[in-house]
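Report on the structure
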Amino acid sequence: MESKKLEALLMAVDLGSFTKAAEVLGYTQSGLTHMMNSLEKEVGFTLLERGRSGVRLTEEGERIAPAVREFLQANARLDSVIEQVASSRTEIIRVSAYASIAMHWLPGIIQRFREECPDVNVDIRMADHVDVPYELLAQGKMDAILVSPQDEGRYEWVHLADDPMFAVLPKDFDTQGMTAFPLAAFEARDFIMPSQGFDKDIMRIFNRIGVKPHILPTWVDDPTVISMVSHGLGVSMMTELTVRGRTDGVKLLPVEPASSRELGLAVRSLDAASDGLRHFIDCTKRVVAEMQP
């Protein structure tokens, strides 16, 4: 039984959609569907329930899911050991991070870590969707992920910083002398939502105070969101780390009441972490603390 089929099964279930899973894994939807049909034929029973609301595990699928995750984690550990043996370095730490963290935090973290632990290599993967790092961590393919906390999943959390939210407005937007943008002012206003799952952090803030902006149907990356705002197509809300260095053509105001996205480091188990991973965590905490204003 191919591990790729099992990975695709869990990805489809965790994302609740063949379409989203196919996008993340780089398959066509029909290819992923064929793969799942083949897997069900191999095991001899139906694993997935398909419906308009998405896909989910059948009762039989729920029974084998824990064993599937254990198998994939063991397989990933074997791959890691093989990589370590084949490498001249004594240990490889695999890290996934959001694009904004990879751009602004990781270079400084890696530089410091290499100075302190020259015999440990760091393998970096930038995430293009909020769910991907958690999926990789659950499968044992990552040792640590630099992310915002999500409700689902089993992991241990290390808080690093709070990334403040800013209203992203067209350059000619009349702020009437405001030094902060009220969250209530987003009500019914055309809103361009950052994609790749980062809407979760934003919607938590809106839902907390009962604000309902008019969310435009888009699926674009952060630079495109900023460009759309600069052309007067709507407003948006992003974190300081996300908009850093990308403010041409837009006006930024901190939101009021002050809101932020928590950022941190997640691992499967701090107790089971290797010495190299423990040092990486400590190094990350120190470097990020030094970066804060």
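Just so you know, these numbers come straight off a predicted model, no measurement behind them.

Disulfides are covalent bonds that link the sulfur atoms of two cysteine residues. On inspection of all chains with the given rule, the structure shows zero disulfides. Cysteine 283 provides the cysteine sulfur closest to cysteine 117, a residue in no disulfide bond, and the two sulfurs are 7.5 Å apart. Among the residues examined, cysteine 283 registers a relative accessible area of 0% and is labelled buried.

Moving on: unusual backbone geometry. The omega torsion across glutamate 256 and proline 257 is 0°, close enough to zero to call that bond cis. Secondary-structure assignment places proline 257 in the loop between strand S11 (250-256) and strand S12 (260-267). Not every positive phi belongs to a glycine, and glutamine 176 is a case in point at roughly 55°. Considering the arrangement of structural elements, one finds glutamine 176 in the loop between strand S6 (156-170) and strand S7 (181-182). Using a relative accessible area of 68% as the deciding quantity, one classes glutamine 176 as exposed.

What follows deals with helix H3 (residues 29-43). Along its 15 residues, H3 runs 21 Å from first to last C-alpha, staying within 8% of the 21 Å computed at 1.5 Å per residue. All of the buried residues in H3 are Leu32, Met35, Met36, Leu39 and Glu40. Relative to the axis of H3, the buried residues are bounded by an arc of 135° and lie together on one face. Along H3, exposed side chains directed more than 90 degrees from the buried face belong to Ser30, His34 and Lys41. Contact partners of the buried residues in H3: helix H1 (3-15), helix H2 (18-25) and strand S1 (48-51). With its phi angle positive at about 90°, glycine 44 sits one or two positions after the end of H3.

What follows concerns the nonpolar core. Judged by nonpolar contacts, the single largest core of 62 residues is most densely connected at Met36, Ile101, Trp105, Phe113, Leu146, Leu265 and Phe280. The dominant element in this core, judged by the number of residues it contributes, is H1, at seven residues. Within the second largest apolar cluster, 17 residues are counted, among which are Ala167, Leu183, Val235 and Met237.

So, on to the pairing of strand S10 (residues 236-239). A two-sided burial pattern is seen for S10, the buried positions comprising Ser236 and Met238 on one face and Met237 and Thr239 on the other. In this structure, S6 lies alongside S10, joined through four bridges in antiparallel fashion. Counted as the bridge partner of alanine 167 is methionine 237 from S10.

Here the protein chain shows a mean pLDDT of 89. Residues at 70 or above account for 96%. Across the protein chain, the secondary-structure element scoring lowest on mean pLDDT is helix H4 (residues 59-86), at 84, and the one scoring highest is S7, at 96.

Attention now goes to the packing of H1 against H2. Between H1 and H2, the least distance of the axes is 8 Å, while the angle of their chain directions is 125°. As the angle between them shows, H1 and H2 are arranged oblique. Here H1 runs over H2; the crossing is right-handed. Contacts from Ala8, Met11, Ala12 and Leu15 of H1 reach H2 at Phe18, Lys20, Ala21, Val24 and Leu25. Classifying every residue of the contact of H1 with H2 by side-chain character gives eight nonpolar, no polar and one charged.

Okay, the packing of aromatic side chains next. Considering all chains together, one arrives at eight aromatic pairs under this definition. Measuring from ring centre to ring centre gives 5.4 Å for phenylalanine 113 and phenylalanine 280, while their planes differ by 85°; the resulting arrangement is edge-to-face. Separated by 167 residues along the polypeptide, phenylalanine 113 in helix H6 (residues 106-116) and phenylalanine 280 in helix H11 (residues 275-291) bring together distant segments of the chain. With a centroid separation of 5.4 Å and 80° between ring planes, the pair formed by phenylalanine 191 and phenylalanine 206 is classed as edge-to-face. Taken together, the residues phenylalanine 191 in strand S8 (residues 190-191) and phenylalanine 206 in helix H8 (residues 199-209) connect sequence positions 15 residues apart. Taking the relative accessible area as the measure of exposure, phenylalanine 191 reaches 0% and is therefore buried. Among the aromatic residues, those joined into a ring-pair cluster are Phe173, Phe181, Phe186, Phe191 and Phe206.

The rules we used
Throughout, a residue's number is its position along its own chain's written sequence, starting from 1. In keeping with the model being predicted, local features are shown solely for residues with a pLDDT of at least 70 and side-chain atom pairs are shown and tallied solely at 80 or more, while totals for entire chains, interfaces and linings include all residues. Computation of side-chain values covers all heavy atoms of the structure but excludes hydrogens and water. The disulfide definition used here is simple: a pair of cysteine sulfur atoms within 2.5 Å. Throughout, exposure labels follow a simple rule: accessible area from a 1.4 Å probe, protein chains only, divided by the maximum for the residue type, with under 20% read as buried, over 50% as exposed, and the rest as partly exposed. Note on conventions: DSSP H or I runs of at least 4 residues are helices, E runs of at least 2 residues are strands, and numbering of each starts at the N terminus. In a helix, the anticipated span is given by 1.5 Å times the number of residues less one. Directions are taken from the helix axis to each C-beta atom, and the arc is the one they span. Any two residues whose heavy atoms approach within 4.5 Å at even a single point are treated as in contact. Among buried residues, those of type Ala, Val, Leu, Ile, Met, Phe, Trp, Tyr and Cys that are joined through side-chain atoms within 4.5 Å constitute a nonpolar core. Two strands qualify as a pair provided DSSP detects at least 2 bridges between them. Looking at any residue, its pLDDT shows the predictor's confidence there, from 0 to 100. For every element, the axis is a line fit to its C-alpha atoms; helices are fit only across the contacting stretch, and the angle between N-to-C directions ranges from 0 to 180 degrees. Angle categories are assigned with fixed cut-offs, so that under 35 degrees is roughly parallel, over 145 is roughly antiparallel, 65 to 115 is roughly perpendicular, and the rest are oblique. If you view the pair so one helix is near and one far, a crossing is left-handed when the near helix is turned anticlockwise from the far one by less than a right angle, and right-handed when it is turned clockwise. Three classes are used, and their members are as follows: Ala, Val, Leu, Ile, Met, Phe, Trp, Tyr, Cys and Pro are nonpolar, Asp, Glu, Lys and Arg are charged, and the others, Gly among them, are polar. The aromatic pairing rule takes the rings of Phe, Tyr and Trp, using the six-membered ring of Trp, and pairs them if the centres are within 6.5 Å, calling planes under 30 degrees apart stacked, those over 60 edge-to-face and the rest tilted.

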